[in-house]
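Residue-level structure breakdown
Below, each chain spelled out in residue letters.
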Amino acid sequence: MDIVLTGDRPTGRLHLGHYVGSLKRRVELQNSGKYEKIYIMIADMQALSDNADNIEKIRNSLSEVALDYLACGLNPQKSTIFIQSQIPELSEISFYYMNLVTVSRLQRNPTVKNEIQMRGFKQSIPVGFFTYPISQAADITAFKANIIPVGEDQLPMIEQTREIVRSFNTLYKEVLVEPTAVLPNNQICSRLPGLDGANKMSKSLGNCIYLSDSSDDIKKKIQSMFTDPTHLRVEDPGHTENNPVFIYLDAFCEDKHFAAFWPEYQNLDELKAHYRRGGLGDSKVKKFLNEILQNELRPIREKREELAKDLPYIFDMLKQGSEKARIVATQTLDEMKSAMGINYYR
Ligand code: TRP
C-alpha cells in the first residue's frame, strides 16, 4: 500500500500556486481512500533555514498554513498533519544522511542553486539552508513515504532523496523506501505564474492571490493582471499564449463555467479563437476569470473564517498529528540504527 507525504514551508499564507500545484491534488488523494497513510508536514525547520532572524513570521504562519489546509479540504481524521520541528528524530536521521551526500552533489541541486541566487546569499549561505535537501530526504524517508505530490521545482529534492535511499540501503540494509514525485496533471498547474505573468507565483514577488484574500482583493488583483501587451484596442488581434489571464483560465476554467457565467461561448477554445481574431476586450475576459476564481475560492475562504474562530482547536490538531507522526519516525530511526549497527546497548 502506498504512503503519501508532502509539505510546505510556513512562511506565510498559502496562495493559488500552492492550491493548483499541490493542495488540490492532496485532497483528491486523501478522499480517494486508496492510500494507507497521508502525511502533511508543516516544514518549519526548513523555513527557519533562511529565517533564523524571523522566528515570529514562521511561528505565526503555522496556524495560517494549517487553516489553509483544512479550508481546502484536508481532513485531520484522514491525513496526519504535523509540524516538522516537533519530530526531533528527523534531525537525527538528517545527521546520518549527511555522511551519504557530498558537498558537490548539494551544490549541483538546481532548486537550491536558484534559491541561493534569488536570496542573494552570495558567499554567506547558511549551512542549514545549503543542506535542507538532506533534511527533506529525512522528512520523506522517516515515514517510508513513496508518493510525494509536489510542484516541479521539488523534483531535484526527490531525486536526491532517492540517491540517499539507495546509498543507505546498499551500505547497510534495505530499510528505506525510494519515493516518487507526483506532479500536477498539467504543466500550468505545476508552475502557475504570478499576476505579473513573468514569474512563478511567489510571496516574495508580491504577485499572489491568497486563498484567504477577500472577494474584493481578488477582483482588484485580477483587474491589475498583465495581459497581451500588443492587444491595445479591443479590435486588435490578441495572443493567448504567455498571457497570464489565459494561463489562469487554462488552469481553472471548465466548460460548465461558460454555461454559468458566459453562455455566449461553449468552451475555452471558442473564447481563445475570438480573442485571437480581435474584437474581444481584456476587461471582459478578466470579468469571466473573476467569476471563476470567486466561485472556487468563496467556499474555501468561508470555511477558513469559520475555523479561524477556534485556534486552540487548530493547535490541538497539530499537536495530535505531531504525536502520531513521531511514533512512526521513531520506529524508522530505530530500524535505521539497527541496520547501521549503532544500537550499541542491545
Ligand atoms: N521543500 C518544500 C517546499 O518548499 C517543502 C517540503 C519540506 C516538502 N519537506 C518536504 C515537500 C517533504 C515534500 C516532501 O515547498
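1. Brief notes about the packing of aromatic side chains
How two aromatic rings sit relative to each other is set out by the distance from centre to centre and by the angle between their planes. On inspection of all chains with the given rule, the structure shows eleven aromatic pairs. The interplanar angle of 40° and the centroid separation of 4.7 Å between the aromatic rings of Y39 and F143 together place this pair among those described as tilted. With Y39 in strand β2 (residues 37-42) and F143 in the loop between α8 (132-141) and β4 (147-149), this pair connects stretches of sequence that are 104 residues apart. On the basis of relative accessible area, Y39 is assigned to the buried category, the value being 3%. Ring centres of F82 and F143 lie 5.1 Å apart, and the angle between their planes is 45°; on these two criteria the pair is classed as tilted. Taken together, the positions of F82 in strand β3 (residues 80-83) and F143 in the loop between α8 and β4 put the pair 61 residues apart, joining distant regions of the chain. Chaining the aromatic ring pairs together yields one cluster made of F258, W262, Y265 and F288. In this arrangement the basic side chain of R13 is found over the ring face of Y210, its NZ or CZ atom lying 4.4 Å from the centre.

2. Remarks on helix α14 (residues 268-277)
Listed in full, the buried residues belonging to α14 are L268, L271, K272, H274 and Y275. With its buried residues spanning 160° around the axis, α14 presents them on a single face. Exposed residues on α14 whose side chains face more than 90 degrees from its buried face are D269 and R277. Looking at the packing, one finds that the buried side of α14 touches α12 (244-252), α13 (255-261) and α15 (282-307). You can read the cap of α14 off the contacts: a side-chain oxygen lies 3.2 Å from the backbone nitrogen of D269, and it is on N267. With its phi angle positive at about 105°, G278 sits one or two positions after the end of α14.

Conventions and cut-offs
Residues numbered from 1 in each chain as written. Predicted model: local features only at pLDDT ≥ 70, side-chain atom pairs only at ≥ 80, totals over all residues. Heavy atoms only, no water. Phe/Tyr/Trp six-rings, centres within 6.5 Å; stacked < 30°, edge-to-face > 60°. Helix = DSSP H or I, 4+ residues; strand = E, 2+ residues; numbered from the N terminus. Buried < 20%, exposed > 50% of the residue type's maximum accessible area, 1.4 Å probe, protein only. Lys NZ or Arg CZ within 6 Å of the ring centre and 35° of its normal. Arc of directions from axis to C-beta. Contact = heavy atoms within 4.5 Å. Polar contact = N/O pair within 3.5 Å; in protein donor to acceptor, adjacent residues only side chain to side chain.

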